[in-house]
Amino acid sequence: MKKILIAGNWKLYVTEVEDAKNLASQLKRKISKITNIDTVLMPTAPLISTVSAAVKKSSIAVGAQTVSPFLDGAHTGYESAAALKSAGVKWALVGHSERRAQESEDVIQAQVQAAVKAGLSVMLCVGEAERDPQGAHFSLIERQLSSALAHFPAKGTKLVIAYEPVWAIGKSAAEACKPADLEEMSIFIRRALTELFDRTAATKIPILYGGSVDGSNVHELLTQGGVSGFLVGRASANAKSLFEIIDACKA
Ligand code: 13P
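This write-up is about the structure you can find in this document. From a predicted model like this one, the values you see are computed outputs, not experimental measurements.

## Side note on the nonpolar core
Part 1 of the reasoning: Residues Leu 124, Leu 145, Ile 161, Ile 189, Tyr 209 and Phe 230 are the most contacted members of the largest nonpolar core, which totals 72 residues.
Part 2 of the reasoning: Leave out the neighbours within four places in its chain, and Phe 230 touches Leu 5, Ile 6, Ala 7, Leu 208, Tyr 209, Val 213, Val 218, Leu 221, Leu 222 and Cys 249.
Part 3 of the reasoning: Listed in part, the 13 residues of the second largest apolar core include Trp 91, Cys 125, Val 160 and Leu 208.

## Considerations on the side chain of His 96
Part 1 of the reasoning: Its place among the elements puts His 96 in the loop between strand 4 (91-94) and helix 4 (97-100).
Part 2 of the reasoning: Accessibility expressed as a relative area gives 4% for His 96, which makes it buried.
Part 3 of the reasoning: One polar contact links His 96 to Glu 164, side chain to side chain, over a distance of 3.0 Å.
Part 4 of the reasoning: Setting aside anything within four residues of it in sequence, one finds His 96 in contact with Asn 9, Lys 11, Cys 125, Glu 164 and Ile 169.

## Concerning the packing of helix 5 (residues 105-118) against helix 6 (residues 136-148)
Part 1 of the reasoning: Look at helix 5 against helix 6: their axes get within 8 Å of each other, and the N-to-C directions meet at 45°. In terms of orientation, helix 5 and helix 6 fall into the oblique class. Residues Glu 105, Ile 108, Gln 109 and Val 112 of helix 5 form the contact with helix 6, whose own contacting residues are Arg 143, Gln 144, Ser 147 and Ala 148.
Part 2 of the reasoning: Of the residues that constitute the contact of helix 5 with helix 6, the class distribution is 3 nonpolar, 3 polar and 2 charged.

## Re the site of the ligand
Part 1 of the reasoning: What surrounds the ligand is the set Asn 9, Lys 11, His 96, Glu 164, Ile 169, Gly 170, Gly 211, Ser 212, Leu 231, Val 232, Gly 233 and Arg 234.
Part 2 of the reasoning: Here an oxygen atom of the ligand sits 3.0 Å away from a polar atom, N or O, in the side chain of Asn 9.
Part 3 of the reasoning: A distance of 2.7 Å separates an oxygen atom of the ligand from a polar backbone atom of Gly 170.
Part 4 of the reasoning: Taking 310 Å² as the accessible area of the ligand by itself, protein coverage stands at 99%.
Part 5 of the reasoning: When the residues that make up the shell around the ligand are grouped by side-chain class, the tally is 3 nonpolar, 6 polar and 3 charged.

What counts and what doesn't
- Residues numbered from 1 in each chain as written.
- Predicted model: local features only at pLDDT ≥ 70, side-chain atom pairs only at ≥ 80, totals over all residues.
- Heavy atoms only, no water.
- Core = buried A, V, L, I, M, F, W, Y, C linked by side-chain atoms within 4.5 Å.
- Buried < 20%, exposed > 50% of the residue type's maximum accessible area, 1.4 Å probe, protein only.
- Contact = heavy atoms within 4.5 Å.
- Helix = DSSP H or I, 4+ residues; strand = E, 2+ residues; numbered from the N terminus.
- Polar contact = N/O pair within 3.5 Å; in protein donor to acceptor, adjacent residues only side chain to side chain.
- Axes fitted to C-alpha atoms, helices over the stretch in contact; angles between N-to-C directions.
- Parallel < 35°, antiparallel > 145°, perpendicular 65-115°, else oblique.
- Nonpolar A, V, L, I, M, F, W, Y, C, P; charged D, E, K, R; others polar.
- Near = heavy atom within 4 Å.
- Areas by Shrake-Rupley, 256 points an atom, 1.4 Å probe, with all protein chains shown as cover.

Structure, rendered in structure tokens:
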């Protein structure tokens, strides 16, 4: 059975230790009976240890919302990929649009490499700020992929691409990407990955969608959008809305 991946990017929606503990524990109970969905929780860094402890002995993985391009050394205030790995983190989210404003393509490439070096799996976000009738957004996505993945190893590191059009993030379900547009973009991303890796490797890379996903639109995006899961923001920070998404995806 092909597994669906649901990653919850909590952003700064969850900021209290107790809330993080409760949400992670509730998810642990919920997911224990579901076999076709893998889940990742991405809390803000100070809550990583709380969430890691709460999901112990479950299939839930923990991810970091960002990672430093530096593994070690004199870099005050950064989150080292090596330190995250040693704290039990499995996934590094890289290239989220809410960070791209301050992180150049070169920095994103270095973050990917730092994550790879530290042994973290990489969830790379790509997405255009606006759609162009002439299709310029496709070349932008291709550039974001080829730049970030320029030195990505052919083997040994798990990679997931999250397509997150900036215009669809933080809106209502009705403003999310339409399934047909998503399917077209998934095919395009898959083709771009085939240029970067060999075909067999490229077909194995899961493509997720993120941007105003909730229980009301997730099923049609999953069945018609050509994606194998979701990177969920706001709706992942609350048990009710997260479970609505899970229920709509479960076998
Ligand atoms: P929303 O689900 O809140 O639109 O956020 C999407 C996102 O940015 C996930 O990384």
